[in-house]
Amino acid sequence: MNMGIRLIALDLDGTLLNSAKELTDYTIKILEKAAEREVHIVPSTGRSVSGIPDKIANLPFVHYALTLNGAIVVEMGTNKIIHECVYSREEAVKLWDFIQKYDALPDCAINGELYMERKTFMRLPDYTRTPERIALMKQTRKETDNIRSLLLQDNTESAKMNLLFADSEKRMKAKQELLQIPFIEVSSSLPQNLELNRKGGNKGNGLLALADYLGLKREELMACGDSDNDYSMIEAAGLGVAMANASKEIKNLADAVTLSNDEDGVAYAIKKWVLD
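Residues numbered from 1 in each chain as written. Predicted model: local features only at pLDDT ≥ 70, side-chain atom pairs only at ≥ 80, totals over all residues. Heavy atoms only, no water.

### Description of a positive patch on the surface
- There is a patch of like positive charges on the surface, built from Lys29, Lys33, Arg37 and Lys271.
- Its place among the elements puts Lys33 in helix H1 (residues 25-36). (Patch = residues over 30% accessible without salt bridge, like charges linked within 9 Å, V, L, I, M, F, W, Y side chains within 5 Å. Areas by Shrake-Rupley, 256 points an atom, 1.4 Å probe, with all protein chains shown as cover. Salt bridge = Lys/Arg side-chain N within 4 Å of Asp/Glu carboxyl O. Lys, Arg positive; Asp, Glu negative; His and termini not counted. Charge placed at Lys NZ, Arg CZ, Asp CG, Glu CD. Helix = DSSP H or I, 4+ residues; strand = E, 2+ residues; numbered from the N terminus.)

Spelled out as structure tokens, the structure:
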């Protein structure tokens, strides 16, 4: 049953991409069919706009993206910002200073791009075991010497900070503490990380802002995701779809569950609820 879906917001890692971080040809074919029916296909990710894989960013029908967990909604190609939720300079510097105490690797989104300090890059192998994850972090983050000095510059805006932990107990403890800070939202897209957005900077608000911009109603929105940082988006959409590989919380919240990201679950969902 097509409920008149006009926009499909798709998380990338664990959702649109399979475990090998690939977008399959079959899924592309189904996305094309939806786009032919004038359905907007919107990548919705914790990554920065330049961290979106070329294979997705270059699809001719992908015109918008929710980036940095929805804190920055951009028009692809022009990089026009449609919606943003960013820290004030005081908040950004205060939070950056605060998170230095954790035994974790920090990075920071500045002007829509994720930055990591060189000294932090050097320590990646101590915090994440897989060569693929290290390669992905290097691919999706720019190197810099000093993030704090970037945050102090006049023309910089920060929308998100990340922490990568090696120890899950330390991560849980940090999460409890960070949840007490009134101006931030804490989420995660991996068992090892914490993602810190400005209060209100989430995929749900980003999705609703884009819908508003495009003149679409909530009932016309579909969202697919698998992890904690997809919660707000699945809640905000008229049709929230959890992947078979999604967390229990996401499945409980969703209106429907599709196949896993290794079984073309996104394509299955689009076929079932949009095309058929």
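### Overview of the layout of surface pockets
- Its volume calculated, the largest pocket comes out at about 590 Å³.
- Forming the walls of the largest pocket are 26 residues, and the residues nearest its centre are Asp13, Lys21, Arg47, Arg133 and Leu136.
- Counting residues per element, the lining of the largest pocket draws most heavily on helix H6 (residues 131-140), which supplies six residues.
- Lining the second largest pocket are 18 residues, and of these Glu185, Val186, Ser187, Asn202 and Asp228 lie nearest its centre.
- Listing elements by their share of the lining of the second largest pocket, those giving two or more residues are strand S10 (184-187) and helix H10 (231-236).
- Of the residues forming the lining of the second largest pocket, the biggest block, four residues, is contributed by S10. (1 Å grid on protein atoms, 1.4 Å probe; cavity = no way out; pocket = protein on both sides within 12 Å on 5 of 7 lines; lining within 4 Å. Points joined across faces, edges and corners; volume = space filled by probe spheres on them.)

### Considering the pattern of salt bridges
- The final tally for this structure, using the stated rule, is 16 salt bridges.
- Put simply, Lys101 and Glu177 hold a salt bridge, and the shortest N to O gap is 2.9 Å. You can see Lys101 sitting in the loop between helix H3 (89-99) and strand S6 (104-110) and its partner Glu177 sitting in helix H8 (residues 168-178), a full 76 residues away along the chain.
- Among the ionic pairs, Asp230 bridges to Lys203, the shortest N-O distance being 2.6 Å. Remark: Lys203 occurs in helix H9 (residues 203-214) and Asp230 occurs in the loop between strand S12 (221-225) and H10; sequence separation between them is 27 residues. Grouping residues by exposure puts Asp230 and Lys203 together as buried.
- One salt-bridge network, held together by shared partners, links Asp11, Lys203 and Asp230. (Buried < 20%, exposed > 50% of the residue type's maximum accessible area, 1.4 Å probe, protein only.)

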